[in-house]
Amino acid sequence: MVVFKKPKSLTDVPLHYCPGCTHGIIHRLVAEAIDELGIEGKTVGVAPVGCSVMAYDYFTCDMVEAAHGRAPAVATGLKRCMPDNVIFTYQGDGDLASIGMAETVHAATRNENITIIFVNNAIYGMTGGQMAPTSLPGQVTQTSPYGRDVNTVGLPIRVSEMLSALDAPYYIERVAVNNVKNVKNAKKAILKAFKNQVEKKGFSLIEVVSTCPTNWGLTPEKALQWVDEKMIPYYPLGVYKDRGAEAKEEK
Amino acid sequence: MSEKVLMKGNEAIAEAAIKAGCRFYFGYPITPQTEIAAYMAKRMPKIGGTFLQAESEVSAINMVYGVAGAGYRVMTSSSSPGVSLKQEGISYIAGADLPALIINVQRGGPGLGGIQPSQSDYFQAVKGGGHGDYHLIVYAPASVQEMADYTIKAFDVADKYRMPVMLLADGTMGQMMEPVELPEVSANEIEKPWAVRGTNCARPHNIINSLYLKPEQLEKTNFDRFEKYKEIEKNECLYEEYMTEDADIVLVAFGIAARISKNAVVEARKQGLKVGLIRPITLWPFPSEVLNKTADRVKGFISVELSMGQMIEDVKLATECKKPVRLCNRTGGMIVSPEEVVESVKKLLSEVE
């Protein structure tokens, strides 16, 4: 009996990600959510520029490769012409929170009925480990070789908290995938984000605190620990916006 | 035949796009083209279409990219500084071989420039304004009627060749009112098996993409795209000739400059000067062949432009400098007058005779 197999919504193409990188887990969770909701045939995904640029090869649904940061705008176009299809973007921190911040904020404030999977690993991975808008204070990267100096480049952006300050977006949650319990929670959140869209609730963003062992200069195991010790204290996990729950409470 | 109505050029573009089956418009306010957005904001909700004011021109063009990827007719419009912002998206649309219409109602530049009419985005439009090897098909309408006609044609041509098309107008064309007849268009849309509308689990996934990490693959897609461009140069080049048969001097001008030049031809002829006009209607592909042939029998050319002289380079290339090519221009929002054009004809004649 097969008890563990590849989700239907993932292709057979070998992933190009580094050993210990959690993109693979997150891809799997997205594919499982698509499978469980039975929406593979009507889903269109939007890949970013960054490590997950080639996500278009890994999902079996129709895919679009967007320019750097523009995925929420591309997804808006797709959703507006195909309101009954399921549109998701898969973006990293540089893509979503730096060059694509305007697209992100405005898609959120339109409560655009799309699902955004936001992978925050506090670094630009694809280009070799430069400082990201989410790099932690003091974090050493290629472009902050003496550590992120908050006096000259400011403090990290907490995307989930920031977007939750908007009235419009429907659902925002931050999760992690560094241990089994967190992976299970992440799965629930991602599933909910897709379900919200199917039920036409509006904008859902799941921030996934992720790893980059290669550019953090840590072993895969140490990188998972670093998530617990450094990342999660700065980026607390939890639900930041849930207009569905708010509506229930008001009743 | 439908009735003639009095319309602004910008409105004619918008209504013609709707007639052509465009149901998706994304834009951002900028003078002197905002009437297009205003018109779409009113009309689209009533016909089941989408008007969306994007947060920036950058976003607007990427929304266009999304709809184009799904294979629906889609457009955006802007004016010079806004079109600069769209160039990234236009390059991606070209690189992913997607049909879309981009309108540029030009104003003076560089920088924020001014809000008066200009033709100084010629280079940007015809030489590939964004990065990489690509072309747009570029139409240069010279009347409100042509604003409508070439908007409709642009959607068909974009679909046919799977590529972005630009309508290069200017503030005068956008703002002036003329009688226009908006034809009823039969749905001309073609099958788009490459579009991303969901696989229905019935076919392998489609991917809209412009990334090729293997250089030999990227080279091949560029080679293939330029084979397509050769076909377009053969099939889609449009121009108008006016009184060129016996002309000594031929004016070359497009858009509003061509209208002025036509008046100049009439005025010059009254004064006994044999002057004609070649008006490129497509700026890419450029009507090089007719210019080259004409060069064998005339004494010279004058490129009449509302810029510091951009198209003049293509006129020189087309005519292989067989005859002198001079520039008669105003820029920065100033409009060249027929009298100035006639003066430039006289000056050139005095040089060559």
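A few points on the structure. The residue numbers shown here count from 1 along each chain, following its written sequence. Labels follow written order: the first chain is A, the first ligand is 1, and so on. Where totals are concerned, whole chains, interfaces and linings use all residues; where local detail is concerned, this predicted model gives features only for residues with pLDDT of at least 70, and gives and counts side-chain atom pairs only at 80 or more.

Turning to the overall build of chain B, a few remarks are in order. Helix and strand definitions follow DSSP, with helices as H or I runs of at least four residues and strands as E runs of at least two, each counted in order from the N terminus. Each helix and strand in chain B was counted, giving 12 helices and 15 strands. Whereas a compact globule of 353 residues would reach a radius of gyration of roughly 20 Å, chain B reaches 21 Å, a difference of no more than 12%. With respect to the principal axes defined by its C-alpha atoms, chain B has extents near 75 × 50 × 40 Å. Think of it as a crowd count around each C-beta: if 20 or more other C-beta atoms lie within 10 Å the residue is buried, if 12 or fewer it is exposed, and in between it is partly exposed, with C-beta placed from the backbone throughout. Looking at chain B residue by residue over its 353 residues, the buried ones come to 54%. By sequence separation, contacts in chain B at least 24 residues apart represent 78% of the contacts at least 6 residues apart. Radius of gyration: C-alpha atoms only; globule rule: 2.2 Å multiplied by the number of residues to the exponent 0.38. This entry defines residue contacts through backbone-placed C-beta atoms, with two residues in contact when those atoms are within 7 Å.

Let's shift gears to the sheet that holds strand E11 (residues 249–252) of chain B. All names here are of chain B. In spatial order, the strands read E10-E12-E11-E14-E15; together these 5 strands make up an open sheet with mixed pairing. Two strands bound the open sheet, and with one partner strand each, they are strand E10 (239–242) and strand E15 (325–329). The average undirected angle you get between the axes of adjacent strands in this sheet is 20 degrees. Strand pairing is assigned whenever DSSP identifies at least 2 bridges connecting the two strands. For E11 and strand E14 (residues 300–305), the ladder comprises 4 bridges, and the chain directions are parallel. For valine 252, the partnering residue across the bridge sits in E14 and is serine 303. The strands touched by helix H12 (residues 338–352) within the sheet are E11, strand E12 (275–280), E14 and E15, with E14 carrying the most contacts at an inclination of about 155 degrees. Where helices are involved, their axes are fitted lines through C-alpha atoms of the stretch in contact, as for all axes, and angles between N-to-C directions lie from 0 to 180°.

Turning to the environment of isoleucine 281 of chain B, a few remarks are in order. Residues and elements named next belong to chain B. Position of isoleucine 281 among the secondary structure elements: in the loop between E12 and strand E13 (282–284). Judged by the 21 C-beta atoms lying within 10 Å of it, isoleucine 281 is buried. It is 26 Å that separates the C-alpha atoms of isoleucine 281 and lysine 346, two residues lying 65 residues apart in sequence. Those residues in contact with isoleucine 281 that lie beyond four places of it in its chain are Tyr139, Ala140, Leu238, Tyr239 and Glu240.

On to the pairing of strand E2 (residues 62–65) of chain A, then. Alternating residues of E2 of chain A divide into Asp62 and Val64 of chain A and Met63 and Glu65 of chain A, and every residue in both groups is buried. Sheet analysis places strand E1 (residues 43–47) of chain A next to E2 of chain A, joined by 4 bridges and oriented parallel. Within E2 of chain A, the residue paired with alanine 47 of chain A across the bridge is glutamate 65 of chain A. Of the strand pairs in this sheet, E2 of chain A and strand E9 (residues 207–208) of chain B are connected by 2 bridges, and their pairing is parallel. Counterpart to methionine 63 of chain A in the pairing with E9 of chain B is isoleucine 207 of chain B.

Residues and elements named next belong to chain B. Expected helix span is given by 1.5 Å per residue-to-residue step, counting one fewer step than there are residues. In this model, helix H3 (residues 57–69) (13 residues) spans 18 Å end to end at C-alpha, consistent with the 18 Å of a helix rising 1.5 Å per residue. By the criterion of burial, H3 is predominantly enclosed, with 13 of the 13 residues buried. Two residues or fewer past H3, glycine 71 is found with a positive phi of approximately 85 degrees.

With that out of the way, let us pick up unusual backbone geometry. Proline 32 of chain B follows threonine 31 of chain B through a cis peptide bond whose omega is 5 degrees. Topologically, proline 32 of chain B is positioned in the loop between strand E2 (24–27) and helix H2 (34–43). Between glycine 109 of chain B and the following residue, proline 110 of chain B, the backbone shows a cis peptide bond with an omega angle of 5 degrees. By the secondary structure assignment, proline 110 of chain B is in the loop between strand E5 (100–106) and helix H5 (122–126). Positive phi, normally seen in glycine, also occurs at asparagine 111 of chain A, with a value near 50 degrees. Relative to the elements of secondary structure, asparagine 111 of chain A occurs in the loop between helix H4 (101–109) and strand E4 (115–120). Residue cysteine 321 of chain B is not a glycine yet carries a positive backbone phi of 55 degrees. Note that cysteine 321 of chain B resides in the loop between helix H11 (311–318) and E15.

Take the nonpolar core next. Ile117 and Val208 of chain A together with Val138 and Leu251 of chain B are the most contacted members of the largest nonpolar core, which has 188 residues in total. Among the elements that make up this core, the one with the highest residue count is helix H6 (residues 144–161) of chain B (9 residues). Among all residues touching valine 138 of chain B, those that are not within four sequence positions of it are Ala125, Val126, Met166, Leu168, Thr282, Leu283 and Trp284 of chain B. The term nonpolar core refers to a group of buried residues, namely Ala, Val, Leu, Ile, Met, Phe, Trp, Tyr and Cys, whose C-beta atoms join them within 7 Å.

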